[in-house]
Amino acid sequence: MFMRIDHIGIACRDLEEKIELFSRTFELTVVAREVNEEQGVKEAMLHIADGEGGGSYIQLLEPLSDDSPVGKFLARRGEGVHHVAFGVADVAEAMSTISEKGVRLLDERPRHGSMGSEIAFLHPKDVGGMLTELVQAPKP
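Because the structure is a prediction, the values reported are computed rather than measured. (Residues numbered from 1 in each chain as written. Predicted model: local features only at pLDDT ≥ 70, side-chain atom pairs only at ≥ 80, totals over all residues. Heavy atoms only, no water.)

K.L.:
If you had to explain unusual backbone geometry to someone new, which residues and values would you point to?
P.N.:
Despite not being glycine, E27 has its phi angle at roughly 55°, a positive value. Turning to its location among the elements, E27 is positioned in the loop between α1 (15-26) and β2 (29-36). The exposure class of E27 is exposed, given its relative accessible area of 72%. Not every positive phi belongs to a glycine, and M115 is a case in point at roughly 55°. Considering the arrangement of structural elements, one finds M115 in the loop between β6 (111-112) and β7 (118-122). Taking the relative accessible area as the measure of exposure, M115 reaches 33% and is therefore partly exposed. (Helix = DSSP H or I, 4+ residues; strand = E, 2+ residues; numbered from the N terminus. Buried < 20%, exposed > 50% of the residue type's maximum accessible area, 1.4 Å probe, protein only.)

What follows is the structure in structure tokens.
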């Protein structure tokens, strides 16, 4: 079902500071920036590598407000890994298959994600405590 690790989402308080850190330390390049009002974040995607299933990225997330999901995460846990995202061929199909196995979905249907993707989240309590995202890359 999973084609690759699409990205690791990292919550941060200062997006520009973390872009500088990851660019300088790991020689990663920003390939996209976006403000996602629906999710309450300002984000940057930093390219790691391309593979057979598509690209892999670090996604830096700065909350737009303290009461957004990422804002609440930062208040509880501080900066760090927020979620892991897996690339899938068809996010709706993956949601159905995973739901049939008893895993709760945080999304009822796919929604807009970074760089034109379609995404959905799984309940962390049902997958070992890790917030998990399914990502379907945009069709070329």
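K.L.:
Describe the packing of aromatic side chains, and please don't skip the residues or the numbers.
P.N.:
Going through the model one piece at a time under the given rule, you end up with two aromatic pairs. Between the aromatic rings of F2 and F86, the centroid separation amounts to 4.2 Å while the plane-to-plane angle is 5°, which identifies the pairing as stacked. Of this pair, F2 sits in the segment before β1 (4-11) while F86 sits in strand β5 (residues 80-87), placing them 84 residues apart in sequence. Classification of F2 as partly exposed rests on a relative accessible area of 42%. (Phe/Tyr/Trp six-rings, centres within 6.5 Å; stacked < 30°, edge-to-face > 60°.)

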